[in-house]
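This is what each chain is made of:
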Amino acid sequence: MSRYIVARANALMLGVLVALLLMVGGITWDRFNAASTARMWSEHTQEVLGTLKDLNLVVRQAETGQRGFLLTGDENYLAPYQAAIGRVSFLQGELQRLTADNPTQQERLRTLSPVLQRKLEELAQTIQLRRTAGFDAAMATVRTDAGRDFMQQIEATIDTMTAEEQGLLKQRLDDADTRSAWVRGLVASGIAIAVFGMLWAARMLNQAWARSYSAEAEQRVVAQQLRVSLDSLSQGVAVFSPARDLMNWNECFQELLDLPKAMVRRGTPYAAFAEQTAVGDMPFLETEDEIRHGPSQPHEPVTYERTRADGRLLEVRRTPTPDGGFVLTLSDMTKRAQAEGVLREAQKMQAIGQLTGGIAHDFNNLLTVILGNLEFARMKLDATNPVYVRIERAAWAAQRGATLTAQLLAFARRQPLAPAPIALTETVPDLIPLLRRTLGEHIDVRYVETAGLWPAMADAAQLESALLNLALNARDAMPGGGRLTIELGNRVLDEEYARSHIEVTPGDYAMLAVSDTGHGMTPDVLARVFEPFFTTKPDGKGTGLGLAMVFGFVKQSGGHVNIYSEPGEGTTVRIYLPRAVNATVAAPQRSGAPITLPRGTATVLVVEDEAAVREIACAILGDLGYHVLEATDGEDALRVFGAHAAAIDLLLTDVVLPGKVRGRELSERILAVRPAVRVLFMSGYTENSIVHHGRLDDGVQLIGKPFKREQLARKVAEVLAMPWPSAGEPAERTDDDTNLIELKPRHGG
């Protein structure tokens, strides 16, 4: 069926329709005139209603201006009154004109005029009295309520006229609607007949067009769906023709290649993109020669990676199409690369944690025995004895071994932390004198702080250790002297910073920065600076655990550490610690005069599976005056406790015990029987029974191995001096309150 025939048939139907419409139009012409007249009267009624409303409003405004002037005496308040006076006469005239055809409304207007006049006179009288006689005289006139009566009469008359006009409006609208409905029905009937005839005649002719239009609409929908799908991809996609001209693309393609918007348009040659993205002589995309002489398999995709100038890693994939063109796909691999780096770091940390955890427990037990026995031996010797010096050196070496083990645990994030809100402005300044003495006179130590510094959430002892490690590293980087700057400040790490540092949680942080003017580090050294045992110092001059310990402590505290360094310019290490929100900062403890070791007569149950460690712990406590009971494991400890339950004041137990009853379970069983017993854990490697997420559980007291005689004495005294249970808990005691003696200052050396 030809398009010419379809056009002629449609023209014929259109002629029939026009003829029918002309006939209907002639019949209904007079009806339209009637409807127009009804509409005119409706508009007239609306105008009357509007004028009545304005008249009522103007009288109200005049009264409002009068009241404002009476209350304040300010002439400025008479502006509404003065404006209303002229409007009242004008609106009365308008109403006279508009209701000239309505005798009833004219009569009401004649009744309304004198009332309006008296109301305006009443307003003018009170205003004049306010000016001449004062506020009280004017208010006396107002209190006669004459003005209110006038206003009520005015409103009643206006309401009556409004109701009259609304009734007329309704009647006229009903008349207009009736006439319009009749006209609409007549016109609709004629149109329906004409349309029906046209559709009936053209139905068969237009079926072909309907089918083609439906197919075209479906293609448009599919094209839109493909367009939306393409734009929703997180990958950049561009389709090139066999002539290597751009045909289709999505927004991500332009974004990932950082292309000018004017350049990304249909028909742009591929060579232009290759030239635009090249960095100097280094191509970013494949050249046309590389595409032309690509892989031997014609339909095999080509994949390669490129790094943008801003460090983002892109994977580029070129896939040939059957028509000889190709599809270029760009994938941002930056986050995946960062995630893989974090995963490798986590796997390395897990491996080191497993290694150090196993070693630390046994090694710290050995160091506890060595240090304890050395201290006992040193107590028996005079300081002038040559062996005394040897014992001092052996104790120093053992303590050094304990420090190395602690650094390994810190890097592996296996150390138990006791984080608390700390004020860096009170903690760090106390360390400055120590750093100056430690680093030497050739290092100029400077301290800078920011007003209003946020409190940080961290373990104060570990923070001091980290700062000392950074200061010592800075000293080694400045052998000829230099400047060390310690800076405190507030920082907000936002979402944008967190996106480029995948391990960072956005939020508020307290910053501690340590900067030096040393020789700095090259990029390859900087990339490995946090690796354990990595050091650029000569053999025997460093363990490579200082920065590793700092890194582990900060990460375990939920913070972030960043290093910036340039060769010959120096290094800056910034530590970001989480801000302590809604927390009370405890005052820092100041060291006082030397005191003697606390002694006591309390009964202590010592539970330790290593005989040598148990022996030295019992010996130290016995030497301090305590009554000591021993147990080799958890089950043995329960038997001993059953025999001496009423006498035991303190449970000193290893965390890791052989058998079914571990240290935490042992303490829970004993406290269930006698809550007044104090519990002190000891361990060289804490397991998850008392440490969760790297932090000691609330209320847990711990002394780490190896410990010195002084450390054990003070920790036991501290735990025994803790408050007894509150009311309602058993608090029986067989010993008197003299188990501990007062701490006395040490006089002399």
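Definitions and cut-offs
Residues numbered from 1 in each chain as written. Predicted model: local features only at pLDDT ≥ 70, side-chain atom pairs only at ≥ 80, totals over all residues. Heavy atoms only, no water. Helix = DSSP H or I, 4+ residues; strand = E, 2+ residues; numbered from the N terminus. Buried < 20%, exposed > 50% of the residue type's maximum accessible area, 1.4 Å probe, protein only. Areas by Shrake-Rupley, 256 points an atom, 1.4 Å probe, with all protein chains shown as cover. Pairing = 2+ DSSP bridges. Axes fitted to C-alpha atoms, helices over the stretch in contact; angles between N-to-C directions. Contact = heavy atoms within 4.5 Å. Salt bridge = Lys/Arg side-chain N within 4 Å of Asp/Glu carboxyl O. Phe/Tyr/Trp six-rings, centres within 6.5 Å; stacked < 30°, edge-to-face > 60°. pLDDT = per-residue confidence, 0-100. Core = buried A, V, L, I, M, F, W, Y, C linked by side-chain atoms within 4.5 Å. Arc of directions from axis to C-beta. Parallel < 35°, antiparallel > 145°, perpendicular 65-115°, else oblique. Nonpolar A, V, L, I, M, F, W, Y, C, P; charged D, E, K, R; others polar.

## Details of the overall build of the chain
Here is step 1: A tally of regular secondary structure across the chain gives 19 helices and 19 strands.
Here is step 2: Counting over 749 residues, the chain shows a buried share of 40%.
Here is step 3: Summed over all atoms, the accessible surface of the chain reaches about 40,800 Å², with 55% contributed by carbon and sulfur.

## Side note on the sheet that holds strand β10 (residues 507-516)
Here is step 1: The sheet built from five strands is open, its strands ordered β7-β9-β10-β12-β11 with mixed pairing. Bordering the open sheet on either side are β7 (443-448) and β11 (560-566), each of which pairs with just one other strand. Strand-to-strand twist of the sheet, defined as the mean angle between neighbouring strand axes without regard to direction, takes the value 20 degrees.
Here is step 2: Bridge count between β7 and strand β9 (residues 482-493): six bridges; the pairing is parallel. Bridging across to β9, I443 finds its partner in G482.
Here is step 3: Sheet strands touched by helix α11 (residues 424-439): β7, β9 and β10. Its angle to β7, the strand with the most contacts, is close to 175 degrees.
Here is step 4: Sheet strands touched by helix α12 (residues 460-476): β7, β9, β10 and β12 (570-578). Its angle to β10, the strand with the most contacts, is close to 30 degrees.

## Section: the pattern of salt bridges
Here is step 1: Applying the stated criterion to the full structure yields 14 salt bridges.
Here is step 2: Two residues, R131 and E75, come together in a salt bridge whose shortest N-O distance is 3.1 Å. Here R131, found in helix α3 (residues 103-132), pairs with E75, found in the loop between α1 (3-72) and α2 (79-98); they are 56 residues apart in sequence, far enough to count as distant.
Here is step 3: Between R614 and E630 there is a salt bridge, with its nearest N and O atoms 3.3 Å apart. Placement of the pair is R614 in helix α16 (residues 611-623) and E630 in strand β14 (residues 627-631), with a sequence separation of 16 residues.

## Here's the deal with the packing of aromatic side chains
Here is step 1: Applying the stated criterion across every chain, the model contains five aromatic pairs.
Here is step 2: Taking 5.4 Å as the distance between ring centres and 85 degrees as the angle between the ring planes, the aromatic pair formed by F240 and Y270 counts as edge-to-face. Remark: Y270 occurs in helix α7 (residues 270-277) and F240 occurs in strand β1 (residues 236-240); sequence separation between them is 30 residues. Across the pair, Y270 and F240 agree in class, each one buried.
Here is step 3: With a centroid separation of 5.5 Å and 85 degrees between ring planes, the pair formed by Y270 and F326 is classed as edge-to-face.

## Side note on the sheet that holds strand β5 (residues 326-332)
Here is step 1: The five strands lie next to each other as β2-β1-β5-β4-β3, forming an open sheet whose pairing is antiparallel. Two strands close off the open sheet at either side, each with one partner strand: β2 (246-249) and β3 (302-307). Strand-to-strand twist across the sheet, computed as the mean angle between neighbouring axes with direction ignored, equals 20 degrees.
Here is step 2: In this sheet, strand β4 (residues 313-320) lies alongside β3 in antiparallel orientation, the contact comprising six bridges. Counted as the bridge partner of E305 is E315 from β4.

## Thoughts on the confidence of the model for the chain
Here is step 1: In the predicted model, the chain carries a mean pLDDT of 76, and 77% of its residues have values of at least 70.
Here is step 2: The model gives residues 590-594 a pLDDT under 50, and that stretch makes five contacts with residues more than four places away or in other chains.
Here is step 3: Counting interchain partners and residues more than four positions distant, the pLDDT-below-50 stretch residues 725-749 has 42 contacts.

## Concerning the environment of T329
Here is step 1: Mapped onto the secondary structure, T329 falls in strand β5.
Here is step 2: For T329 and V316, which are 13 residues apart along the polypeptide, the C-alpha to C-alpha distance reads 5.8 Å.

## Focus: the pairing of β5
Here is step 1: Across the seven residues of β5, six count as buried, placing the element largely inside the fold.
Here is step 2: Note: β1 against β5, five bridges, orientation antiparallel. Paired with G236 across the bridge in β5 is L330.
Here is step 3: Where β4 and β5 come together, seven bridges link them in antiparallel fashion. Looking across to β5, one finds that P320 is bridged to F326.
Here is step 4: Connecting the antiparallel pair β4 and β5 is a turn made up of five residues, with G324 showing a positive phi of about 100 degrees.

## Thoughts on the nonpolar core
Here is step 1: Ranked by size, the top nonpolar core spans 40 residues in total, and within it L424, L484 and I575 carry the most contacts.
Here is step 2: Dropping the residues within four chain positions of it, L424 is found in contact with P429, Y447, L453, A456, L463, L488 and A510.
Here is step 3: L52, L78, L112 and I127 belong to the second largest nonpolar core, which has 26 residues in total.

## Let's talk about α7
Here is step 1: For α7, every residue scored as buried is listed here: Y270, F273, A274 and T277. Taken around the axis of α7, the buried residues stretch over an arc of 100 degrees, which confines them to a single face.
Here is step 2: The inward-facing, buried residues of α7 abut β1, β2, α6 (251-257), α8 (288-292) and β5.

## A few points about the packing of α2 against α3
Here is step 1: α3 packs onto α2 with a crossing angle of 170 degrees between their chain directions and a minimal axis gap of 11 Å. Put simply, α2 runs roughly antiparallel to α3. Contact residues: α2 offers Y81, I85, V88, Q92, L95 and Q96, while α3 offers Q106, L109, S113, L116, L120, L123, A124 and I127.
Here is step 2: Residue classes in the contact of α2 with α3 are distributed as 10 nonpolar, four polar and no charged.

## Brief notes about helix α18 (residues 663-673)
Here is step 1: Regarding α18, the residues found buried are G663, L666, S667 and I670. The buried residues of α18 occupy an angular sector of 95 degrees when the element is viewed end-on, so they sit on one face.
Here is step 2: On the buried face of α18, the contacting elements are β13 (603-607), α17 (634-643), β15 (650-654) and β16 (678-683).

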